[in-house]
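# Understanding the architecture of this molecule
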Amino acid sequence: MVKVAELLATGRTMSFEFFPPKSDEAERALEKAVGELAPLEPSFVSVTYGALGSTKERTREVVIRMNAEQAFPCVAHLTCVGHTRSDLVALLDEYAANGVENILALGGDPPADGSDPGGDFTYASELVELVRAHPGGFGVGVAAHPEVHPRSSDRSGDRERLARKLQDADYGITQFFFDVADYVRMVDELEALGCTTPVIPSVMPLINVAGVRRMAGMNGSKIPAHLEAELDRRADDPDAVVALGVEVATQLCSELLEAGVPGVHLYAMNRSASLRQIYDNLGLHRGR
C-alpha cells in the first residue's frame, strides 16, 4: 500500500469517508456502497472511530479488511481521549501487522456530561507523537476546523495550535463546512504562520435534515441562512433533501477544485448514490 502523503505529492487526491456499521444489515450496506464506489478509483478512503472508542472493534475490522481487499489504501481514524497508552499501542501493533500504513490522529470528544473520560491522553498532538514513535512507520494525518475548533476561545490561538499540530503531521483533513471562504481563510492564516502542510477539505453531501444540523452543531460548522431555509422547505421530502445535498456538495467541490485544493474528501455516509452523482456532475471520472 501507499501513504497519503505520497499520494498528495503526485497530485490532487479524491477520497471518501465511511463509518463502521453497527449491525449485520448495516455491514452489508457498507459493503455494497464500497463496491459501487470502488470503480471511481478513490485515492484513499477512511473509516471513522466512535467517541471514546465506542466503535473500536468494528473500525479495526473494517479498516483491515478494506485495506487488504481494495486497490486503494484505507486510513484508520483513531482518537486518544479515554484510552491508555497500552490500548493505543496494541491497536497500532495490529494495524502494522496487517499492512495498514495510515492513521488519522484525533483528540476525540470528552463525555457530554463533563465527566472524566480517563485515559493517558488529552490532545491529538500527544497521539501524533505516539504514532510517530511506533515502529510501524505510519503516515499521520490530523483534523482541522476551518471555522476554528468549537472549543477554542479565540481564533489566533486556535490557528497557532493547528499550525503546530500540522507541522508534526503529513497532512490535515478538515471537518465539513459550507463556505469555501472559510477554508481559504484558514489556509491563508496557516501560511502566515509558516505552515504549508497540505490540508484536504471535506465535503458532506447532506442526506438528513436533523443529522446535518446535529453534526454541524457538534463541529461548529455554520449552516448558511439560505441553506437553512431550503432544509426547512424540504424537511418532509427525503428525496428532495438528498437532491439538495448533491447540489450543494457539487457546488462546493467545484469551487474548491477551482481554488486549487490538494484534494477533496467526501463523506459517503455509507451510501454510493450521492457521490456517484457528484462525480457525474463534476465530470470526474477515472484518472480525475
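Along every chain, residues carry numbers that run from 1 in the direction the sequence is written. With pLDDT at 70 or above as the cut-off, local features in this predicted model cover only qualifying residues; side-chain atom pairs require 80 or more to be listed or tallied, and sums for whole chains, interfaces and linings still use all residues. In computing side-chain properties, one takes all heavy atoms of the structure into account and sets aside hydrogens as well as water.

### Brief notes about the overall build of the chain
By definition, any uninterrupted DSSP run of H or I lasting at least four residues is a helix, any uninterrupted run of E lasting at least two residues is a strand, and each is numbered from the N terminus. For the chain, the helix and strand inventory stands at 11 helices and 8 strands. With C-alpha atoms as the basis for the radius of gyration, the globule rule is written as 2.2 Å multiplied by the number of residues raised to the power 0.38. The C-alpha atoms of the chain give 18 Å as radius of gyration, which agrees with the globular expectation for 288 residues (19 Å, within 12%). Taking the principal axes of the C-alpha coordinates as reference, the chain spans close to 50 × 45 × 40 Å. Here's how the labels work: a residue is buried when its accessible area is under 20% of the maximum for its type, exposed when over 50%, partly exposed in between, all with a 1.4 Å probe on protein chains only. Across the 288 residues that make up the chain, the buried fraction comes to 49%. Residues are treated as being in contact if the distance between any of their heavy atoms lies within 4.5 Å. Considering only contacts in the chain between residues 6 or more positions apart, those separated by 24 or more positions represent 80%.

### Some details on the packing of helix 9 (residues 225–234) against helix 10 (residues 238–258)
Between helix 9 and helix 10, the least distance of the axes is 9 Å, while the angle of their chain directions is 155°. In terms of orientation, helix 9 and helix 10 fall into the roughly antiparallel class. Crossing geometry of helix 9 relative to helix 10 is assigned as right-handed. Contacts between helix 9 and helix 10 involve Leu 227, Glu 230, Leu 231 and Arg 234 from the first element and Ala 240, Val 241, Ala 243, Leu 244, Glu 247 and Val 248 from the second. When residues are grouped by polarity, Ala, Val, Leu, Ile, Met, Phe, Trp, Tyr, Cys and Pro land in nonpolar, Asp, Glu, Lys and Arg in charged, and all others, Gly among them, in polar. The residue makeup of the contact of helix 9 with helix 10, split by class, is 7 nonpolar, no polar and 3 charged. Working convention: axes come from line fits to C-alpha atoms, limited for helices to the stretch in contact. Angles between N-to-C directions cover 0 to 180 degrees. Orientation labels follow simple angle bins: below 35 degrees gives roughly parallel, above 145 gives roughly antiparallel, 65 to 115 gives roughly perpendicular, and whatever is left gives oblique. In a left-handed crossing the near helix is turned counterclockwise from the far helix by less than a right angle, and in a right-handed crossing that turn is clockwise.

### A word on the side chain of Ser 46
Secondary-structure assignment places Ser 46 in strand 2 (residues 44–47). Judged by relative accessible area, Ser 46 falls into the buried class, the value being 1%. By the criterion applied in these results, polar contacts are pairs of N or O atoms within 3.5 Å in which, for protein atoms, one can donate a hydrogen and the other can accept it, and in which residues neighboring in sequence qualify only through two side-chain atoms. Polar contacts involving the side chain of Ser 46 include one to the side chain of His 265, which spans 3.3 Å. Each residue touching Ser 46, except ones within four places of it in the same chain, is listed here: Phe 16, Glu 17, Phe 18, Val 75, His 77 and His 265.

### Some thoughts on unusual backbone geometry
A positive phi angle is found at Val 148, which is not glycine, with a value near 70°. By secondary structure assignment, the location of Val 148 is in the loop between strand 5 (139–144) and helix 6 (155–167). For Val 148, a relative accessible area of 17% puts it in the buried group. Residue Met 269 is not a glycine yet carries a positive backbone phi of 55°.

### What about the pattern of salt bridges?
Salt bridges are identified by distance alone: a Lys or Arg side-chain nitrogen within 4 Å of an Asp or Glu carboxyl oxygen. The final tally for this structure, using the stated rule, is 15 salt bridges. The residue Glu 101 makes a salt bridge to Lys 3 at a minimum N-O spacing of 3.1 Å. Pair noted here: Glu 101 is in the loop between helix 4 (85–97) and strand 4 (102–106) and Lys 3 is in the segment before helix 1 (4–10), with a separation of 98 residues, a long-range link. Look at Glu 101 and you get partly exposed, because its relative accessible area is 22%. Arg 60 is the salt-bridge partner of Glu 94, the closest N and O atoms lying 3.1 Å from each other.

### A short note on the packing of aromatic side chains
Pairing of aromatic rings covers Phe, Tyr and Trp, the last through its six-membered ring, and needs centres within 6.5 Å; plane angles under 30 degrees mean stacked, over 60 mean edge-to-face, and all others mean tilted. The full count for this structure, using the stated rule, is 4 aromatic pairs. Between the aromatic rings of Phe 176 and Phe 178, the centroid separation amounts to 5.7 Å while the plane-to-plane angle is 75°, which identifies the pairing as edge-to-face. A residue is classified by how much of its surface remains accessible, and Phe 178, at 10% relative accessible area, is buried. With a centroid separation of 6.1 Å and an interplanar angle of 10°, the aromatic rings of Phe 177 and Tyr 183 are classed as stacked. Exposure class is identical for Phe 177 and Tyr 183. Each is buried. Three or more aromatic residues joined by ring pairs form one cluster here, namely Phe 176, Phe 178 and Tyr 267.

### What about the pairing of strand 4?
For strand 4, the buried fraction is high: 5 of the 5 residues fall into the buried class. Residues Asn 102, Leu 104 and Leu 106 of strand 4 are buried on one face, and the alternating residues Ile 103 and Ala 105, pointing to the opposite face, are buried as well. Should DSSP find at least two bridges between two strands, the strands are regarded as paired. Sheet analysis places strand 3 (residues 74–79) next to strand 4, joined by 4 bridges and oriented parallel. Note that in strand 4 the partner of Thr 79 across the bridge is Leu 106. As defined by bridge partners, strand 4 adjoins strand 5 across 4 bridges and the pair is classed as parallel. Across the sheet, the residue bridging to Ala 105 is Val 142, located in strand 5.

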